[in-house]
Number of protein chains: 2
Amino acid sequence: MRRGRPGYDQQGILDVAVAAFNQYGYDATSMGVLADRLGLSKSAIYHHFASKDEILERALDEALGALEGVLEQTGAVRGRAADRLDLVLRGAVHVLVDKLAYVTLLLRVRGNTEVERRAVARRRAFDKEVTSLVSEAQAEGSLRSDIDASVVSRLTFGMINSIVEWYRPGGKEDADRLADDVIAVALDGLRMPTSNRVQQLLG
Amino acid sequence: MRRGRPGYDQQGILDVAVAAFNQYGYDATSMGVLADRLGLSKSAIYHHFASKDEILERALDEALGALEGVLEQTGAVRGRAADRLDLVLRGAVHVLVDKLAYVTLLLRVRGNTEVERRAVARRRAFDKEVTSLVSEAQAEGSLRSDIDASVVSRLTFGMINSIVEWYRPGGKEDADRLADDVIAVALDGLRMPTSNRVQQLLG
């Protein structure tokens, strides 16, 4: 490592690589481009990662591992499925805000390589678990059951994932506030309990 | 035009070009690639469009024009802002389903060229009008006002736009059903009116 250059550990290299992949696209970002950005030689990067593919794999694993962690934590909680779903949605918003660049990269993956296909498979498994949780909440009578559970799961995560398009750290909404907003829209809806709504609820 | 080849009008060329842009990316799709796909000579394409940029402009205009049309139609409707917002969200779902490939292309535009920047500006103007409608509905007391209007607008359209990621024509949900689902989630919420919710509404 050149004198006077900041040192990078694996995580530091990963952060810079993910930013570059998001900016230029994975294919367009060569190891040479990464080395330039880091002020390192290519061999210094190869000291930490065997290939560009391994960098991508580690980056996607960071986003996926965090999302899967939310499901694991929530699975251990007792109580109604609707309350566990509430926790999963909140947890996912926090993962998005905490790992914004990593989740952005994950959401752009289309399954063009073996590493990407494995990531897509893990995302699908995650979606499937969320859909199961929605079904369970519908069956226990705590969520409306007139919408297909997989459509509910897709629309809800569509809303959550869209946060990567516009959220910037340090803005007026922090992760807790944003999670409250997502829950408010998805679970309780935007409409005020006007008289006709209350009548409908009581009818 | 070569004998035995199907004829293409402007719209037909546009449909094929949009599919190619979505598959390979706009930059990676040359006029030569388009000519191959169409079974036309490049000069036959130039008979309809002055440049690849003009094809992109027309394609983005098709998506944006349809979305702007929803706002125009809705603006002419009397009644509460919340009901007009309901119509805008339903209309936007229909535009997505009807012009899936065109909206997919629009959502990927990042503002790298003059044509893209104009499209981004029109999208922002659309978002701003939706945000105004949300503010109006909050002011009239028909939508909850504890969430910032621009966040409401972003989350709601995040949900709607995510439909391009998974919707395939001919699936089990048609556009009307999908629009009902979006309205159900965004305006009324997923949570069933369990006792505590009814108490809260009456409290």
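None of the values given here were measured: they were computed from a predicted structure.

Q: Can you help me understand the UniProt feature "DNA-binding region" (unreviewed entry) in chain A in this one?
A: When the UniProt feature table is mapped onto this chain, "DNA-binding region" (unreviewed entry) is found at residues 30-49 of chain A. Helix makes up 75% of residues 30-49 of chain A and strand makes up 0%, while its end C-alpha atoms are separated by 14 Å.

Q: Looking at this structure, I do not really get the UniProt feature "domain: HTH tetR-type" (unreviewed entry) in chain A. What am I missing?
A: As annotated by UniProt and renumbered to match this structure, "domain: HTH tetR-type" (unreviewed entry) occupies residues 7-67 of chain A. With 75% helix and 0% strand, the stretch residues 7-67 of chain A has end C-alpha atoms that lie 29 Å from each other.

Q: Looking at this structure, how should I read the relation of the copies chain B and chain A?
A: Related by rotation about an axis and a shift along that axis, the two copies of the chain form a pair. Laying chain B over chain A is done by rotating through 180 degrees and shifting 0.0 Å along the axis; what remains is an RMSD of 0.0 Å. On the angle and the small slide along the axis, the relation comes out as a two-fold axis. Comparing contact sets, 100% of the residues at the interface of chain B also lie at the interface in chain A, consistent with an isologous, same-surface contact.

Q: Looking at this structure, I do not really get the domain arrangement of chain A. What am I missing?
A: Interfaces are frequently sized by the accessible area removed from exposure as the parts join. All names here are of chain A. Under the domain assignment used here, chain A contains domain 1 (10-49) and domain 2 (53-193). Here the C-alpha centre of domain 2 lies 28 Å away from the C-alpha centre of domain 1. Both sides of the domain 1 and domain 2 interface together cover about 1200 Å² of buried area, and 61% of this is carbon and sulfur. The interface formed by domain 1 and domain 2 includes zero salt bridges. In this assembly, domain 1 and domain 2 are joined by eight residue pairs in polar contact (both at pLDDT 80 or more). In terms of residue count, helix α1 (residues 10-24) provides more of the side of domain 1 that touches domain 2 than any other element does, eight residues in total. Partitioned by chemical class, the residues of the side of domain 1 that touches domain 2 number nine nonpolar, four polar and one charged.

Conventions and cut-offs
- Residues numbered from 1 in each chain as written.
- Chains lettered and ligands numbered in written order.
- Predicted model: local features only at pLDDT ≥ 70, side-chain atom pairs only at ≥ 80, totals over all residues.
- Heavy atoms only, no water.
- UniProt positions renumbered as here; feature names shortened; annotations may be inferred.
- Helix = DSSP H or I, 4+ residues; strand = E, 2+ residues; numbered from the N terminus.
- Least-squares fit on C-alpha atoms with pLDDT ≥ 70 in both.
- Contact = heavy atoms within 4.5 Å.
- Domains from an automatic or database assignment.
- Buried area = accessible area lost by both parts, 1.4 Å probe.
- Salt bridge = Lys/Arg side-chain N within 4 Å of Asp/Glu carboxyl O.
- Polar contact = N/O pair within 3.5 Å; in protein donor to acceptor, adjacent residues only side chain to side chain.
- Nonpolar A, V, L, I, M, F, W, Y, C, P; charged D, E, K, R; others polar.

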